[in-house]
Amino acid sequence: RPPGCRSGVVAFFALGVGECGGVEGRRRMKIRAGVLSFLAVLNWLGANDVGPTNSELEATYGAAAQEVNAGRYGAALKQLDAIDARQPEMAAAKNLWGVTLMRMGVYGPAEKALQKARELDAALWEARFNPAEVPFLRKNWAAARHRFAAQAAETSEQAQGTTGGAIQDKLRRTSCAEGTEKK
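Presented here is a report on the structure given in the accompanying data block. Numbering of residues begins from 1 in every chain and follows the order in which that chain's sequence is written. Where totals are concerned, whole chains, interfaces and linings use all residues; where local detail is concerned, this predicted model gives features only for residues with pLDDT of at least 70, and gives and counts side-chain atom pairs only at 80 or more. Side-chain descriptors were evaluated using all non-hydrogen atoms of the structure, hydrogens and water having been removed beforehand.

Let us look at the overall build of the protein. We count a stretch as a helix when DSSP gives it H or I for four or more residues in a row; a strand needs E for two or more, and each element gets its number in order from the N terminus. Each helix and strand in the protein was counted, giving nine helices and two strands. With a 1.4 Å probe rolled over the protein chains alone, any residue whose accessible area is under 20% of its type maximum counts as buried; one over 50% counts as exposed, and the rest are partly exposed. Expressed as a percentage of its 183 residues, the buried residues of the protein come to 31%. Excluding contacts between residues fewer than 6 apart, the proportion of contacts in the protein whose partners are at least 24 apart in sequence is 43%. As displayed, the protein has an accessible area near 11400 Å², and 55% of this comes from carbon and sulfur atoms. Contact criterion: two residues are considered in contact whenever any of their non-hydrogen atoms come within 4.5 Å of each other. Areas reported as accessible are Shrake-Rupley estimates using a 1.4 Å probe. Residue values count occlusion only from the protein chains shown.

Moving on: the pattern of salt bridges. What makes a salt bridge here is a side-chain nitrogen of Lys or Arg within 4 Å of a carboxyl oxygen of Asp or Glu, nothing more. In the structure shown here, the tally under the stated rule is five salt bridges. The shortest N-O distance in the salt bridge between glutamate 111 and arginine 147 comes to 2.5 Å. Placement of the pair is glutamate 111 in helix α5 (residues 107-120) and arginine 147 in helix α7 (residues 141-152), with a sequence separation of 36 residues. Overall, the relative accessible area of 23% leaves glutamate 111 in the partly exposed class. The class for arginine 147 is partly exposed, based on a relative accessible area of 29%. The partner of glutamate 133 in a salt bridge is lysine 170, with the nearest N and O atoms 3.1 Å apart. A residue pair is termed long-range when its members are at least 10 positions apart, and glutamate 133 in helix α6 (residues 125-137) and lysine 170 in helix α9 (residues 162-182) qualify at 37 residues. Of the two residues, glutamate 133 and lysine 170, both sit in the buried class.

What follows is about the environment of glutamate 126. Mapped onto the elements, glutamate 126 comes out in helix α6. Take glutamate 126: its relative accessible area is 40%, and that puts it in the partly exposed class. Along the chain, glutamate 126 and valine 99 lie 27 residues apart, while their C-alpha atoms are 9.8 Å from each other. In this structure, glutamate 126 is in contact with Asn95 and Pro131, ignoring residues within four places of it in sequence.

What we call a nonpolar core is a set of buried Ala, Val, Leu, Ile, Met, Phe, Trp, Tyr and Cys residues that are connected through their side-chain atoms within 4.5 Å. With 17 residues, the main nonpolar core has Leu80, Ile83, Ala93, Leu96, Met102 and Val134 as its most contacted residues. Listed by contribution, the elements that provide at least two residues to this core are α2 (54-69), α3 (73-86), α4 (91-104) and α5. Here this core gets five residues from one element, more than from any other, and that element is α4. Here alanine 93 is in contact with Tyr61, Leu80 and Ile83, once residues within four sequence places are set aside.

Turning our eyes to something else, we now look at the packing of aromatic side chains. Pairing of aromatic side chains here covers Phe, Tyr and the six-membered ring of Trp, requires ring centres within 6.5 Å, and sorts the geometry by plane angle: under 30 degrees stacked, over 60 edge-to-face, intermediate tilted. Applying the stated criterion to the full structure yields three aromatic pairs. Between phenylalanine 129 and phenylalanine 148 the ring centres are 5.7 Å apart and the planes differ by 50 degrees, which places this aromatic pair in the tilted class. Note that phenylalanine 129 is positioned in helix α6 and phenylalanine 148 in helix α7, a separation of 19 residues in sequence. For the pair phenylalanine 136 and phenylalanine 148, a centre-to-centre distance of 6.3 Å together with 80 degrees between the ring planes defines the contact as edge-to-face. Of the two residues, phenylalanine 136 sits in helix α6 while phenylalanine 148 sits in helix α7, which places them 12 residues apart along the sequence. For phenylalanine 136, a relative accessible area of 9% gives the class buried.

Set out below in structure tokens:
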């Protein structure tokens, strides 16, 4: 047993080996523990401060999209959480988050996520189109028709292309659904 140490315990630290040595030994151990804690925090900050590469984000986003298409929404949300932790301002990820929630039938948070995606990137066409899907899925035909009509009025080339046909189809479907419910 080392002198001055009642229990005979030897403390090992990453910065060296300390022996129980009365008041002085305990003081040294507290200093070492403080230094270790400080270094652990610095290491954690350094590891979390590294930005993700585009290929990492694309791979994670692709995996999340596959999970959504396969109907594994919980797994998709985990992938999207990982993206959000590394790059919280990624509009496409917020949009996919909203689509995932829509498919789960959780419309309020879905609409908020889609709105956030649109705020982050107003040019992202999906972030402008998908919010109109929320009232459509809720069977609020008037609100859905109003949103789709606003999109049809846009002059962007995306609204005129293939997506324009989808918007016109949604307008016809909401009109038919409205007429059916009125009868």
